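Structural overview for review
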Amino acid sequence: MSVTEGTVPFRGHRTWYRVVGPGRAGRLPLLVVNGGPGCSHDYLDDLGALHGETGRQVVFYDQIGCGRSDRPDDPALWVMSTFVEEVAAVRAALGLDRVHLYGHSWGSQIALEYVLTRPAGLASLVLAGPIPSAPVYQAEVRRLKESLPAGVREVLDRHEAAGTLDDEEYREAVMAFYRRWLCRLDPWPPHLVRSFTDIREDVYAALWGTTEWNLTGRLKDWDVTDRLGEIDLPVLVTTGRHDATTPAVVRPLVEGIRGASWTVFEESAHLPSAEEPERYRQVLGAFLAAVEEQEEIRAA
């Protein structure tokens, strides 16, 4: 498998990228925007196998401040516009003139904002575990939190009230949430652990908040629900049956984008690309190929 790594200049810093495969005629690249905020792309590495299975080039990058990219200590960078502009910078530097765009979780928010700028050259949009409204998502994860066992909730509430979020007891209680609605594999795969343990907590806090269910960051009021009708692309939405992005979060997105399709992975939480990787790539690959087939028919 051919893999190319490097960096592209961005705002006086360097954004690291990884390209899997040289690509094949008739197969457009897939540009992957990972979630977080504040973590590397590693947990989505399973998508790279699309190249071996279909000949499709897959492009990953680590967002500025995270992973292998430069990690400037500049709080002014941690705003949505930074990450939207970074997508454009990566595309331009790597010559991704015609491309499929994939966004997972926080990456879906970046992807939505980017698409709403109406950039040229996008063939399709894939939104995995998507969040069209931060307030709705917060309400749903708070509801999920309240469904945890009473003892776990007591630990969470006690430490959050005391501000002792670094306490090991609290961190273990948080994991009880993540094991149900982030990833249900036991143990977690190494590539997820790499992303999860290397998270840039100051970036996460600046954009999101102190915890998944306490939005205090700059995204706390973020909501593009009323703009979804502006999106005019083939769109695939994917979630897990046990996903933190519940139907209440996702349904307005699917209903708001004309022609969007939605696939639910029954054995997964928030990461079906890792929890059901073969089936996930099959569904994703079929969608991308169908988009390209329709383009060929229209061009004929």
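Residues numbered from 1 in each chain as written. Predicted model: local features only at pLDDT ≥ 70, side-chain atom pairs only at ≥ 80, totals over all residues. Heavy atoms only, no water.

Right, let's talk about the pairing of strand β6 (residues 122-128) for a bit. Counting buried positions along β6 gives 7 out of 7 residues, so the element sits mostly inside the fold. Relative to β6, strand β5 (residues 99-104) runs parallel, the two being bridged by 6 bridges. In the strand pairing of β6, Leu 101 is matched with Leu 125. Viewed along the sheet, the connection from β5 through helix α3 (residues 106-115) into β6 turns out right-handed. Two elements, β6 and strand β9 (residues 235-240), share 4 bridges in a ladder whose sense is parallel. Its bridge partner lying in β9, Leu 127 is registered against Val 237. (Buried < 20%, exposed > 50% of the residue type's maximum accessible area, 1.4 Å probe, protein only. Helix = DSSP H or I, 4+ residues; strand = E, 2+ residues; numbered from the N terminus. Pairing = 2+ DSSP bridges. Right-handed = clockwise from strand over helix to strand, strands pointing away.)

You can see Val 79 is positioned in the loop between β4 (58-61) and α2 (80-94). In this structure, Val 79 is in contact with Leu 207 and Arg 218, ignoring residues within four places of it in sequence. (Contact = heavy atoms within 4.5 Å.)

On to helix α9 (residues 247-256), then. For α9, the set of buried residues is Val 249, Val 250, Leu 253 and Val 254. Taken around the axis of α9, the buried residues stretch over an arc of 115 degrees, which confines them to a single face. (Arc of directions from axis to C-beta.)

Let us now look at the packing of helix α5 (residues 150-162) against helix α6 (residues 168-181). At a minimum axis separation of 9 Å, α5 and α6 run at an interaxial angle of 130 degrees. Between α5 and α6, the interaxial angle falls into the category oblique. The two elements α5 and α6 cross, and the hand of that crossing is left-handed. Residue-level inspection shows Val 152, Val 155, Leu 156, Arg 158, His 159 and Glu 160 of α5 in contact with α6, the latter providing Glu 169, Tyr 170, Ala 173, Val 174 and Ala 176. Among the residues making up the contact of α5 with α6, the classes are represented as 7 nonpolar, 1 polar and 3 charged. (Axes fitted to C-alpha atoms, helices over the stretch in contact; angles between N-to-C directions. Parallel < 35°, antiparallel > 145°, perpendicular 65-115°, else oblique. Left-handed = near helix turned anticlockwise from the far one by under 90°. Nonpolar A, V, L, I, M, F, W, Y, C, P; charged D, E, K, R; others polar.)

It is worth stressing that arrangement in space is one thing and function is another; only the former is reported here.
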